[in-house]
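The residues making up each chain are set out below.
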Number of protein chains: 2
Amino acid sequence: MNYRETVLLEKAYRLLNHGPTICVSAAHNGQQNIMTAAWNMPLDFAPSKVAVVLDKQTWTRQLLEASGTFAISVPTRAQVNLAQQIGSLSGAALLRDTQKDKITTLNLQTFTGTTTQAPLLEDCVAWLECKLIIEPHIQQTYDLFLGEVTAAWADTRVFSQGHWHFEGHDELRTIHHVAGGHYFIAGQAIQSSATGPSD
Amino acid sequence: MNYRETVLLEKAYRLLNHGPTICVSAAHNGQQNIMTAAWNMPLDFAPSKVAVVLDKQTWTRQLLEASGTFAISVPTRAQVNLAQQIGSLSGAALLRDTQKDKITTLNLQTFTGTTTQAPLLEDCVAWLECKLIIEPHIQQTYDLFLGEVTAAWADTRVFSQGHWHFEGHDELRTIHHVAGGHYFIAGQAIQSSATGPSD
């Protein structure tokens, strides 16, 4: 059964607002790759934008720069080993040494969205497709990439009407990287009683 | 008792790596302000850098741009109402309407670090002082501010030797904003069994 449903672009920031570790992917000219990235954040509400840091050595970055698009998949507690493997293996080295790309090597199940060719990782809980906002100076100097969100989806079992609700779905909780193989999962939902902007 | 100890700058990224919501503060010419910011991420290991999004309307941003420095405090579950208040009140409006700044109005307990004048919020679990990396184009276009970390501390009850350890200190868990008054707290620590770079 498919629980994937479209998220309104103006609510797409909520998929990343709580700081999950993500997988970033890109495709160009028949080649594709995916990597794990803890360093990401929303950048704007409307049009929806995101920022992500991608090391110069990554093949995903090369494909992203060549295609001008990328995708984000938000992995779950059930996928923590997969996220760690995706973050540890070099797609470029695999291709050079084995003639197989990372997606084939790890037997990753992916699907294609509606606005990019970048592979989206199955069994994640959220997905965003993005158009690269070309800013060569910060890309080169800080490895910092900005994107405008062109499509977004979430798993309705844990995200609907603009809100996460992980209760009863602990295996679908997002993961939050610390270092090495260490992660936190998204924990208890709490509500501030302080006055503030309404939701 | 004071549990605050210095964090090595090359490990400072770990204070933000798991995506907590932070308070950003700045001081200039005897004036100071603090705001809440969910949109933040590490940007580099060494020299340690961070990125944060600060809306044009915020007074903290004006003080940051004037002083060329800012500070980050990482609030806790016990402080969620405070973080929400800090994020909801306009320091500029308060000063205009009451002649009192936000820190006075909310009776915030703060201390000064070693490399900036920006107020650091007491009872948080981590603190970073930063020197603004001046990048006018992205500041103006995307409200995106980069900083080089010049000093960092953490509460040794929950962070030591480069690692978070919240067990037994649920009230000190970091908070991760979703929207409105909704937050997650950092949950269970998990360890990937996949092969990867050692920690």
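Everything discussed here concerns the structure shown above.
Keep in mind that what you see is a predicted model, and the values were worked out from it rather than measured. (Residues numbered from 1 in each chain as written. Chains lettered and ligands numbered in written order. Predicted model: local features only at pLDDT ≥ 70, side-chain atom pairs only at ≥ 80, totals over all residues. Heavy atoms only, no water.)

1. Section: the nonpolar core
- Grouped together as the largest cluster of nonpolar side chains are 96 residues, with contacts concentrated most on Leu144(A), Trp164(A), Leu144(B) and Trp164(B).
- Other than its neighbours up to four places away in sequence, Leu144(B) contacts Met41(A), Leu43(A), Leu144(A), Leu146(A), Ala51(B), Val52(B), Val53(B), Ile138(B) and Gln139(B). (Core = buried A, V, L, I, M, F, W, Y, C linked by side-chain atoms within 4.5 Å. Buried < 20%, exposed > 50% of the residue type's maximum accessible area, 1.4 Å probe, protein only. Contact = heavy atoms within 4.5 Å.)

2. What to know about the packing of aromatic side chains
Residue and element names in this part refer to chain A.
- A complete count under the given rule lists 14 aromatic pairs over all chains for this structure.
- Centre to centre, the rings of Tyr13 and Phe45 are 4.7 Å apart; their planes meet at 90 degrees, and the pair counts as edge-to-face. Within this pair, whereas Tyr13 is found in the loop between strand S1 (4–6) and strand S2 (22–28), its partner Phe45 is found in the loop between strand S4 (40–44) and strand S5 (49–53), the two being separated by 32 residues in sequence.
- Under the relative-accessibility criterion, Phe45 is labelled partly exposed at 43%.
- Centre to centre, the rings of Trp164 and Phe166 are 4.9 Å apart; their planes meet at 20 degrees, and the pair counts as stacked. (Phe/Tyr/Trp six-rings, centres within 6.5 Å; stacked < 30°, edge-to-face > 60°. Helix = DSSP H or I, 4+ residues; strand = E, 2+ residues; numbered from the N terminus.)

3. Some details on empty space enclosed by the protein
- Using the criterion set out here, one finds one cavity of 30 Å³ or more in the structure.
- What lines the largest cavity is a set of 15 residues, and nearest its centre among them are Gly19(A), Asn40(A), Gly19(B), Asn40(B) and Met41(B).
- Broken down by secondary-structure element, the contributors of at least two residues to the lining of the largest cavity are S4 of chain A together with strand S4 (40–44) of chain B.
- Of the residues contributing to the lining of the largest cavity, the split by class is nine nonpolar, six polar and no charged. (1 Å grid on protein atoms, 1.4 Å probe; cavity = no way out; pocket = protein on both sides within 12 Å on 5 of 7 lines; lining within 4 Å. Points joined across faces, edges and corners; volume = space filled by probe spheres on them. Nonpolar A, V, L, I, M, F, W, Y, C, P; charged D, E, K, R; others polar.)

4. Overview of the sheet that holds strand S14 (residues 182–191) of chain A
- Read from one edge to the other, the open sheet built from four strands follows the order S13(A)-S14(A)-S14(B)-S13(B), with strand pairing classed as antiparallel. Of all strands in the sheet, those with a lone pairing partner are strand S13 (175–179) of chain A together with strand S13 (175–179) of chain B, marking the two edges. Taking the axes of each pair of neighbouring strands and ignoring which way they run, one obtains an average angle of 40 degrees across the sheet.
- Taken together, the four bridges between S13(B) and strand S14 (residues 182–191) of chain B define a ladder with antiparallel strand orientation. Bridging across to S14(B), His177(B) finds its partner in Tyr183(B). (Pairing = 2+ DSSP bridges. Axes fitted to C-alpha atoms, helices over the stretch in contact; angles between N-to-C directions.)

5. Comments concerning the relation of the copies chain A and chain B
- Mapping chain A onto chain B calls for a screw motion: a turn of 180 degrees about the axis and a shift of 0.0 Å along it, with 0.0 Å RMSD after fitting. Taken together, the rotation and translation describe the operation of a two-fold axis.
- Of all interface residues in chain A, 100% are interface residues in chain B too; the two copies therefore contact each other through one and the same surface. (Least-squares fit on C-alpha atoms with pLDDT ≥ 70 in both.)

6. A short note on helix H2 (residues 80–88) of chain B
- For H2(B), the set of buried residues is Val80(B), Ala83(B), Gln84(B) and Ile86(B). Taken end-on, H2(B) shows its buried residues confined to a sector of 160 degrees, consistent with a single buried face. (Arc of directions from axis to C-beta.)

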